[in-house]
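Below are the chains, spelled out letter by letter.
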Amino acid sequence: ETGVTQTPRHLVMGMTNKKSLKCEQHLGHNAMYWYKQSAKKPLELMFVYNFKEQTENNSVPSRFSPECPNSSHLFLHLHTLQPEDSALYLCASSRSTSGRTGELFFGEGSRLTVL
Amino acid sequence: AQTVTQSQPEMSVQEAETVTLSCTYDTSENNYYLFWYKQPPSRQMILVIRQEAYKQQNATENRFSVNFQKAAKSFSLKISDSQLGDTAMYFCAFMKEPGNQFYFGTGTSLTVIP
């Protein structure tokens, strides 16, 4: 069982659809993150949750809605997306966001295509 | 704000040779961590090596080592005895301590040629 699991791996949706990305970590970590990865750009931090509480929203448009029901699960709800939102969405986890955070552990990503 | 710059979008190296990937960063912080992450074609990003800024000794992990120059804000990755499995995107990252923000570079695509 891998440390951080993301589903689905691939998603194609229209601009009017509503879909969700799911992330699950089996590492006992307390912090979870959503990143957006686009070609030739640095990874963009979207959201951070620490002990289920959102600690960072990096000016992300409201068409992206995160949900963290517990420290092991993280969702990204998608609605009325734009074609420029097509990207690889990476979930990551770490021990916590305070003190010695240590390294990030990443999932394999969800490749999103918005038509 | 912290920025991380990787000036080499693509590099290639012959199998068994040595290659160095460059990374510079800009920060006013004194306590921070630097990382190199590897993202193979299967896409899962994994940690290659980590350096604490307060440590003068360069980190080493088997064939991977770094050249950390704090005053110059430089953090290069050297891969010795390159292997085909080293083919991947390599990302340099900065994290201030304590913190929850990792700042990544744009990545270097490394191809190991048989």
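All figures in this text were calculated on a predicted structure; none of them were measured in a lab.

1. Let's talk about the overall build of chain B
Logical step 1: Helices and strands together make up the secondary structure of chain B, namely zero helices and 12 strands.
Logical step 2: Seen in sequence order, chain B has helices and strands lined up from the N terminus as β-β-β-β-β-β-β-β-β-β-β-β.
Logical step 3: On C-alpha atoms alone, chain B measures out to a radius of gyration of 14 Å, which is about the 13 Å that the 2.2 N^0.38 rule sets for 114 residues.
Logical step 4: The 114 residues of chain B split such that 48% are buried.
Logical step 5: Within chain B, counting contacts between residues at least 6 apart in sequence, those at least 24 apart form 55% of the total.
Logical step 6: In the structure as shown, chain B presents an accessible area of about 5400 Å², 45% of it carried by carbon and sulfur atoms.
Logical step 7: Where the 9 positive side-chain charges of chain B centre and where its 10 negative ones centre are 6 Å apart.

2. Describing the pairing of strand E3 (residues 18-25) of chain A
Logical step 1: Inspection of the sheet shows strand E1 (residues 4-7) of chain A paired to E3(A) by four bridges, in the antiparallel sense. Residue pairing across strands places A:Thr7 opposite A:Lys22, the latter belonging to E3(A).

3. Some points on the interface of chain A and chain B
Logical step 1: Every contact between the two is made by 29 residues of chain A and, on the other side, 22 residues of chain B.
Logical step 2: Around 2100 Å² of area is buried between chain A and chain B when both sides are counted, 48% of it from carbon and sulfur atoms.
Logical step 3: The interface formed by chain A and chain B includes zero salt bridges.
Logical step 4: Residue contributions to the side of chain A that touches chain B peak at three residues, all from strand E4 (residues 31-37) of chain A.
Logical step 5: Here the residues of the side of chain A that touches chain B are counted per class, giving 11 nonpolar, 10 polar and eight charged.

4. What to know about the state of the cysteines
Logical step 1: A complete count under the given rule lists two disulfides over all chains for this structure.
Logical step 2: Shown here is the disulfide that connects B:Cys23 with B:Cys92, its sulfur atoms set 2.0 Å apart. With the S-S bond torsion at -70°, the cross-link from B:Cys23 to B:Cys92 turns out left-handed. Taken as a pair, B:Cys23 in the loop between strand E3 (19-21) and strand E4 (24-26) and B:Cys92 in strand E10 (residues 88-96) lie far apart in primary sequence, 69 residues in all. Across the pair, B:Cys92 and B:Cys23 agree in class, each one buried.
Logical step 3: No disulfide involves A:Cys68; its nearest neighbouring cysteine sulfur is the one of A:Cys91, lying 9.0 Å away.

5. Examining the sheet that holds strand E8 (residues 73-79) of chain A
Across a sheet, paired strands are connected by hydrogen bonds in the backbone, their directions being either parallel or antiparallel.
Residues and elements named next belong to chain A.
Logical step 1: One open sheet accounts for four strands, arranged E1-E3-E8-E7; its pairing is antiparallel. Edge strands, defined here as strands with exactly one partner in the open sheet, are E1 and strand E7 (64-70). Across this sheet, the average inter-strand angle for adjacent strands is 15°, counted without regard to direction.
Logical step 2: Both E7 and E8 contribute to a ladder of five bridges, which runs antiparallel. Considered in E8, the bridge of Glu67 is made with Phe75.

6. Description of the confidence of the model for chain A
Logical step 1: For chain A, mean pLDDT is 90; residues scoring 70 or higher make up 94% of the total.
Logical step 2: Least confident of the elements in chain A is strand E6 (residues 53-57) of chain A, whose mean pLDDT is 84; most confident is E8(A), at 97.

Definitions and limits used
Residues numbered from 1 in each chain as written. Chains lettered and ligands numbered in written order. Predicted model: local features only at pLDDT ≥ 70, side-chain atom pairs only at ≥ 80, totals over all residues. Heavy atoms only, no water. Helix = DSSP H or I, 4+ residues; strand = E, 2+ residues; numbered from the N terminus. Rg over C-alpha atoms; globule rule 2.2 N^0.38 Å. Buried < 20%, exposed > 50% of the residue type's maximum accessible area, 1.4 Å probe, protein only. Contact = heavy atoms within 4.5 Å. Areas by Shrake-Rupley, 256 points an atom, 1.4 Å probe, with all protein chains shown as cover. Lys, Arg positive; Asp, Glu negative; His and termini not counted. Charge placed at Lys NZ, Arg CZ, Asp CG, Glu CD. Pairing = 2+ DSSP bridges. Buried area = accessible area lost by both parts, 1.4 Å probe. Salt bridge = Lys/Arg side-chain N within 4 Å of Asp/Glu carboxyl O. Nonpolar A, V, L, I, M, F, W, Y, C, P; charged D, E, K, R; others polar. Disulfide = S-S within 2.5 Å. Axes fitted to C-alpha atoms, helices over the stretch in contact; angles between N-to-C directions. pLDDT = per-residue confidence, 0-100.

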